[in-house]
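Here is what each chain is made of, one letter per residue.
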Amino acid sequence: MASPDLPGPGAGDLVVARSEGLYCPPGDFYIDPWKPVERAVITHGHSDHARRGHAHYLAHTDSAGVLRARLGADITLQTLAYGDTIEHHGVRLSLHPAGHVLGSAQVRLQHAGRVWVASGDYKTEPDGTCAPFEPVPCDTFITESTFGLPIYRWPTQPQLFAEIDAWWRRNAEEGRASVLFCYAFGKAQRILHGVDASIGPIVAHGAVLPLNAVYRAAGVALPPTLRVTDPGVDAALLKRALVLAPPSAQGTPWLRRFGPYADAFASGWMQLRGTRRRRGVDRGFVMSDHADWPGLQQAIAATGASRVFVTHGSVAVMVRWLRERGLQAQGFATEYGDEDEPAATAQGEGAAA
Amino acid sequence: MKAFAALYRDLDASTSSLAKQAALQRYLRAAPPQDAAWAVYFLAGGKPRQLVPVKLLRLLAQEAAGLPEWLFEESYQAVGDLAETIALLLPPPGEAHDLGLARWVQDHLLPLRGAPADALPERLRTQWRRLAPDERLVYFKLITGAFRVGVSKLQVTQALAAVGGVDAKRVAQRLMGYTHLGARPDAAAYAALVAPEAAQERAAQTSGQPYPFFLAHPFNVDIAQFDALLGPTAGWLVEWKWDGIRAQLVKRAGQVWLWSRGEELVTERFPELAAMGEALPDDSVLDGEIVVWRDGTVQPFAELQRRIGRKTLGPKLLRELPVVLLAYDLIEHAGRDLRALPQDQRRARLDALLREVNHPLLVPSPVIGGDGWADLARLRESARERGVEGMMLKRRDARYGVGRTKDVGVWWKWKIDPLSVDAVLVYAQRGHGRRASLYSDYTFAVWNGLPGDAERQLVPFAKAYSGLTDAEMARVDAVIRRTTVESFGPVRSVKPTLVFELGFEGIARSTRHKSGIAVRFPRMLRWREDKPVEEADTLQTLEALLPP
């Protein structure tokens, strides 16, 4: 290892925080910048990470569809497969699965004997709709901390889907549509992939359809979905249906057609009664694209990094916790929101998709 | 326990009172009577004495979760509820059980109280190891005595009435004393709640049934329109609008019942009024307001609240916070239902009865005379000094109606406007329950100098947490997070940027507040996004509002 045991912050770092975003000085490029820059490496297609206006984009091959759909077909975009390496100004860069959404990647940077990994957003439990998270050994790990409190522990995928299925089944039996609010990119496809499609028909909001197409094109198996305008979609069918809609559809006239329906929201924040009740839905399913507390701990430990930067979420808590565990930890100020943000600050995916 | 935990989840998840009612009835119909007995006890507000010191519980939970104290505290602040925090932090259960609620309460929970201190930790750990996560939430809520699930005693009463096919007011009477401290409800006690009405129970002599309350409507029109809308003052009985607890006092067969609006029995909360009721002749029902009364004047509602909040009423509290019934209507006398009589005849009979009884805790609510509406309006301006909310206007020919009806007569409430100032938000704290993790509780300040005074500072004077819509609160929350200067545990100090119009009902000097001022019922009337912080009000503005 070329780096000294305790490098001073800033000096010789492979990634530093600048007002435009996370910046790699030797490579002269940014990772998920929030202001327009010359070169941007994009970890995934959620709107707080992939923004408009950069001159050159680099992302995983499976992100191409979403990025072009959202940022414009004409963006200058270079893609990489997981594990492939490119070199730029002497910095060797490769992308590795982050398990967050389709095409999501951790960015590994190697330069002058040092290895840094920027996680973007990640989830450690495989969900079948994107390449599962892989720990990448490094000296310095830049981690998210969206759910960086020990109160956040997710149910396993089978438990989660058993709950969703049971809710849908009971509603269908009682002749009520099951409206499940979820973000259009990532969550909606996970739900489609995981539910028992034999319970009834599945209806998808218009915002969800283009993303379903992107997933199907990438080879992810999703059950067929209907549009409310499709022939044969009538009141009788809707009473048995699972309806996937972005959160922005909550309280809109679009929902009137479903008659008296049951509604639910799928998000990691649903872990807390307070946020669940504030959402004003009948049920909250604890489903997140982010790592829970044990997931964050395992991921950080698995990198073997001695130095950790914490980007967004419970930054102060995570930094203190890691320091007490003997790691050199500090926060990075970023403008990443969270598509699950409970405090209604981020409009999030619903609007973007 | 599993069924009760599921009921808790259903009640907690829903905001619809219909859905809650359905869930309650479903549970009561299916539950074994010994479990239903305890479920009703807890849902109706029953609380056993503290079972385990909260401090010990926190310590054990923190230890079991393997967390340092600060991280347990951070978690608690994010969740906003101790029982929920513990339920979320404990490692997954290691065993299973199929015991009902009654077995859990009687064999496991209640014996915790008074268990030897050195045995307590292991007993608790053994218990929670067997419970699934949603059962744990209920378990810890029962232990911490924080069992609230957004169901009123009235809703429980209605569910029992539906399940048993009995009148709800009858069930309310049967529930009297059901939740007292130290109660041990069993299957027989539950059966008695939902049993068909017995003949002697139905007999009028033993019945403590109240009448449905007649309710007033707000009257907020300009004084110039009064004559046109109401006619001359002579057609109206005018009284002060008291800020207390509306109540009916029922005296029948030597027994006294005190019912609050919402048909909740509150006899046990006001033992001195129950004793006063003994002095009334049998078969009388009075309507009035319970207030704290000292030296012939009404005391702020906050004083009354201090009594309502108490589980036990010691002699000291009864002495410090004496109450009276300010009576303003007589709806039954000598067994005769007087509701069809005109207002002023009922009032005349009431006054005669009060003179006859002549009890110091039974005070007639005075009738206000005035020479025309303008004169009354001037008198009404003294409402704040008198500690009342305004005036009541009752048509002299009005019958005593049912609820908010206007068909047989009308009662108007003519309230005074709240006082208000524009104040600056300086501290914010996260809320609890539905608002957990949201910065929803605010401290407000005013300037201690006039604009242009370079030395002036913001002086905190009031806390408020109501009046904003959910959407506004989410926006304020975002600003608070962005403009935080410092965090002290759950409290953040913020850069002063937010101005609100703060309304309150009363204002007084106070030595307990740094500002020297205390306000009553402060709440946010509106968010003054148009107003710069420099233009917020000053301490001088507040002082000018003080009563002479």
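Calculation rules
- Residues numbered from 1 in each chain as written.
- Chains lettered and ligands numbered in written order.
- Predicted model: local features only at pLDDT ≥ 70, side-chain atom pairs only at ≥ 80, totals over all residues.
- Pairing = 2+ DSSP bridges.
- Helix = DSSP H or I, 4+ residues; strand = E, 2+ residues; numbered from the N terminus.
- Domains from an automatic or database assignment.
- Buried ≥ 20, exposed ≤ 12 C-beta atoms within 10 Å, placed from the backbone.
- pLDDT = per-residue confidence, 0-100.
- Contact = placed C-beta atoms within 7 Å.
- Axes fitted to C-alpha atoms, helices over the stretch in contact; angles between N-to-C directions.
- Left-handed = near helix turned anticlockwise from the far one by under 90°.
- Arc of directions from axis to C-beta.
- Parallel < 35°, antiparallel > 145°, perpendicular 65-115°, else oblique.
- Nonpolar A, V, L, I, M, F, W, Y, C, P; charged D, E, K, R; others polar.

**Thoughts on the sheet that holds strand β2 (residues 236-241) of chain B**
Taken in spatial order, the 4 strands make up an open sheet running β1-β12-β11-β2 (chain B), and their pairing is mixed. Each edge of the open sheet is held by one strand with a lone partner, namely β1 (217-218) and β2 of chain B.

**Things to note about the domain arrangement of chain B**
Under the domain assignment, chain B is made up of domain 1 (217-415) and domain 2 (419-545). Placing a centre on the C-alpha atoms of domain 1 of chain B and another on those of domain 2 of chain B gives a separation of 35 Å.

**Describing the pairing of strand β12 (residues 178-181) of chain A**
All names here are of chain A. Every second residue of β12 is oriented toward a common face, with Ser178 and Leu180 on one face and Val179 and Phe181 on the other, all of them buried. By the bridge criterion, 4 bridges tie β12 to strand β14 (residues 242-245) in an arrangement that is parallel. Within β14, the residue paired with Ser178 across the bridge is Leu242. For β12 and strand β15 (residues 262-266), the ladder comprises 4 bridges, and the chain directions are parallel. Across the sheet, Leu180 pairs through a bridge with Ala264, a residue of β15.

**Points about the confidence of the model for chain A**
Residues and elements named next belong to chain A. When pLDDT is averaged along chain A, the result is 89, and 92% of the positions lie at 70 or above. A low-confidence stretch, residues 1-9 (pLDDT under 50), is modelled with 9 contacts involving residues beyond four sequence positions or located in other chains. pLDDT under 50 marks residues 338-353. Its contacts with residues more than four places away, or in other chains, come to 47 contacts.

**Side note on the sheet that holds strand β3 (residues 29-31) of chain A**
All names here are of chain A. Pairing within the open sheet is mixed, and its 6 strands lie in the order β1-β2-β3-β4-β5-β6. Only two strands of the sheet have a single neighbouring strand rather than two, namely β1 (16-18) and β6 (77-80). Neighbour-to-neighbour, the strand axes of the sheet open up by a mean angle of 30 degrees, direction not taken into account. Pairing of β3 with strand β4 (residues 39-41), which is carried by 2 bridges, proceeds in the parallel orientation. By the bridge assignment, Tyr30 is partnered in β4 with Ala40.

**Topic: the packing of helix α6 (residues 82-89) of chain B against helix α9 (residues 133-144) of chain B**
All names here are of chain B. Two elements in contact, α6 and α9, have axes whose closest approach is 8 Å; the angle formed by their N-to-C orientations is 145 degrees. When you trace α6 past α9, the crossing you get is right-handed. On α9, the residues touching Leu82, Ala83, Glu84, Ile86 and Ala87 of α6 are Pro133, Arg136, Leu137, Phe140, Lys141 and Thr144.

**A closer look at helix α7 (residues 293-303) of chain A**
All names here are of chain A. Taken together, the buried positions of α7 are occupied by Trp293, Gly295, Leu296, Ala299, Ile300 and Thr303. On an axial view of α7, the arc spanned by its buried residues comes to 160 degrees, and they lie on one face. Those residues of α7 that are buried lie in contact with β10 (114-118), β11 (140-145) and β17 (307-313). One or two steps after α7, the chain reaches Gly304, where phi turns positive at roughly 75 degrees.

**Section: the packing of helix α1 (residues 2-13) of chain B against α9(B)**
Residue and element names in this part refer to chain B. For the pair α1 and α9, the least separation of the axes is 9 Å and the interaxial angle reads 85 degrees. As judged from the angle between their axes, α1 and α9 are roughly perpendicular. For the pair α1 and α9, contact is made by Lys2, Phe4, Ala5, Tyr8 and Arg9 and by Asp134, Glu135 and Val138, respectively. The class makeup of the residues in the contact of α1 with α9 is 4 nonpolar, no polar and 4 charged.

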